[in-house]
Amino acid sequence: MTTREMTYREAIVAALQEEMRHDSRTLIMGEDIGESGGPFKTCQGLYEEFGAARVRDTPIAETGFVGAALGLALTGYRPIVEIMFADFLGVCFDQIVNGIAKHRFMSGGKVDIPIVIRAIGGAGLRFAAQHSQTAESWMMSVPGLKIVCPSSPAEAYGMLKAAIRDNNPVLVLEHKALLSMKGPVETGVDDVEMPTGPKILRGGADATIVASLAMVGKALAAADQLRAEGIEAEVIDIRTLRPLNVDLICDSVRRTNILVVVEEQARTGGWSSNVVADVVSEAFDYLDAPPARITLPDHPMPYSPALEDAMIPSPETIAATVKSLL
Amino acid sequence: MAPGSKATKSNETPIPLTSAERVELYRTMVEIREFEEQVQRSYLEGLVHGTTHLCNGHEAVSAGVAKALRPDDYLSYTYRGHGHCLARGMDAEAAFAELFGRETGVCGGLGGSMHLTDIDKGLIGAFGIVGAGLPVAVGAALSAQLAGKEQVCVCFFGDGATNIGAFHEAMNLAQVWKLPVIFVCENNLYGEFTRIDHTTPYEDLVIRARGYAMEAVLVDGNDVEAVYAATAPAVARARGGGGPTFIECKTYRHRGHSRTDPAKYRDPAEVEAWLKRDPLLLHRKVLADDGLLGDQEAEAMISEARAAAKAAADRAAAASWASADQDFMAKTYV
Ligand SMILES: Cc1ncc(C[n+]2csc(CCOP(=O)(O)OP(=O)(O)O)c2C)c(N)n1
Ligand SMILES: [Mg+2]
């Protein structure tokens, strides 16, 4: 095991490489992931090491290769697929929600579905309405899937490793605005455990802020701003959307009495509603103010830069929301 | 024409163009080319955001097809759609303003480079999801059939799109319903960084159409008059209730897939061969040989188009940014 600084993108590559070395039943499929290493270079070097049989460039056919992953999984392989932009999950939605997610159940629990679907999503790069979604809410309501959301290089490495070893279908929602983020990653870890719930990234007694993916960094920045005003915010990375486990968040709220949840999703149907509802059910008496949700507005992503920036929750908005509840 | 491919002639009689129209086709192509060159320059100046997909090399397809259409026809196209929009008469300043994220953009700065739309010109939509425009074109063609006004819908897409499910469903629907839709496949041999031979069992995509018993024509997509000659009879047949046609235009993109792609994966000999077959050069030579366009006139046309593109971009860049204070919900729901 060695710890080194690497980018989120490199962490993804490292996890894929280690797991493909570890188990010859793994293979990866996706568009332009062969010789060119992937449009976001998240498969760099894999083709050279593992060859065309295990690093498979596919035609533009998400329904085809995602559906094929189910066939592979049912017959002894451990397929990984890359969805270039999470928005394209829309194309293969049926294979995932009616197939991959339900097949084990419908077989009476007789089959394992060891599939990893990696989808690179998120806003902030001026890619407009059809190339900026994270797909968290789309996928949140599908029983049978596990959904993890890495917010740092170390999480990207760990979650992907664990997802590949998992015998369930795991959707790894990566964020394109984080691809160049740097951080320490302990690589060469043999058996990484799948996260079972959120994680406290920064302790604080005055308020609890919960976030996912790129919103975690915004929440941490908000906590910095609040500290300058003598307010200590606890920042929690939700990490796992499915299964959703709010125990840690409830514990935190019992200490801070204030809850703010931040997500890069449209307001209606966003996962923060679930978190708020569960916390209210479990820890109602501990809340000093109504919990707040900070989300994208309920309209598609505009293209023009300032408009996109205005939509995405900012550290300032998060800090101001916390203060308004104190 | 790409090595190994032969153009197939449709059975219909050609619909001739006047000399002036043939020269106009050249002008349209020059305008598209100069627009895209200006997009590239504006991109480098930081005026275009996110990504953009230029159509340099594909101009003959946009110009030749648009020439065969009526103002009340419909077009569906893709993220690589600047040429289709311009050939259809989209205002260049409004297009630049959209790429620059300005209030005066054709979509008010909400759509961006990948989604230029102008419903009043029949430009029903630019689809960023590969293949998504084909079923939509089927719907517009069904609408045309129901309305009974002899309109058609033209649907542009790439070679890569013929591998996605939506393509096949749309082709089948169009044929069984005998819809007035013209599927124009711009086969530039690549989908992003991957060559067609990696993803598709053959390079002549007209073969796809035969599986649906659809009329199909293979044409040199860099020869604007050939594109027109293939499209006009297909359009006429569709207007008369004769059903859809699949037109495969062999062409090549001069630049990378999108602005970040230097296109290193292409064989330099292949690139060079296609650059020699630049659709603008080819048509200019034909016009010169026929005594319709002298060198000076051609050069003047180019300078004029370049200046016009620059002026349109300058005006677009001077416009106000799209406002963050607008009523987005009114843009989302009626
Ligand atoms: C469903 C879907 N999958 C993947 C992509 C990413 N993508 C954008 S363009 C493109 C290549 C399309 O190739 P082609 O249809 O030949 O059109 P061209 O870009 O060559 O004009 C790909 C894979 C997408 N936009 N939509
Ligand atoms: Mg192509």
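Residues numbered from 1 in each chain as written. Chains lettered and ligands numbered in written order. Predicted model: local features only at pLDDT ≥ 70, side-chain atom pairs only at ≥ 80, totals over all residues. Heavy atoms only, no water.

S.K.: Describe the packing of aromatic side chains, and please don't skip the residues or the numbers.
M.R.: Residues and elements named next belong to chain B. Summed over all chains, the structure comprises 13 aromatic pairs over all chains. Considering the side-chain rings of Tyr190 and Tyr265, the 5.6 Å spacing of their centres and the 50 degrees angle between planes classify their relative orientation as tilted. Highlighted residues: Tyr190 in strand β5 (residues 190-191) and Tyr265 in the loop between β8 (245-250) and α10 (268-276), separated in sequence by 75 residues. Residue Tyr265 is classed as partly exposed on the basis of its relative accessible area of 27%. (Phe/Tyr/Trp six-rings, centres within 6.5 Å; stacked < 30°, edge-to-face > 60°. Helix = DSSP H or I, 4+ residues; strand = E, 2+ residues; numbered from the N terminus. Buried < 20%, exposed > 50% of the residue type's maximum accessible area, 1.4 Å probe, protein only.)

S.K.: Go over the interface of chain A and chain B, please, and point to the residues and values.
M.R.: Each side of the interface is counted separately: chain A has 28 residues, and chain B has 37 residues. Interface of chain A and chain B: buried area, both sides summed, is about 2400 Å²; carbon and sulfur atoms make up 67% of it. Counting across the chain A and chain B interface gives zero salt bridges. Across the contact surface, chain A and chain B share nine residue pairs in polar contact (both at pLDDT 80 or more). Among the elements that take part in the side of chain A that touches chain B, helix α11 (residues 305-311) of chain A stands out by supplying three residues, more than any other. Of the residues belonging to the side of chain A that touches chain B, the class tally is 17 nonpolar, six polar and five charged. (Contact = heavy atoms within 4.5 Å. Buried area = accessible area lost by both parts, 1.4 Å probe. Salt bridge = Lys/Arg side-chain N within 4 Å of Asp/Glu carboxyl O. Polar contact = N/O pair within 3.5 Å; in protein donor to acceptor, adjacent residues only side chain to side chain. Nonpolar A, V, L, I, M, F, W, Y, C, P; charged D, E, K, R; others polar.)

S.K.: Outline the nonpolar core, listing residues and values.
M.R.: Core analysis: the largest hydrophobic core is formed by 115 residues, its most contacted members being Leu16, Ile83, Leu89, Ile117, Leu145, Ile249 and Leu259 of chain A. Each of domain 1 (2-187) and domain 2 (199-325) of chain A gives at least three residues to this core. Excluding residues that lie within four positions of it along the chain, Leu89 of chain A makes contacts with Ile83, Ile96, Ile117, Ala119, Ala135, Trp138, Met139, Leu171 and Leu173 of chain A. Formed by 65 residues, the second largest nonpolar core is a distinct cluster that contains Tyr303 of chain A together with Phe100, Val224 and Ala312 of chain B. (Core = buried A, V, L, I, M, F, W, Y, C linked by side-chain atoms within 4.5 Å. Domains from an automatic or database assignment.)

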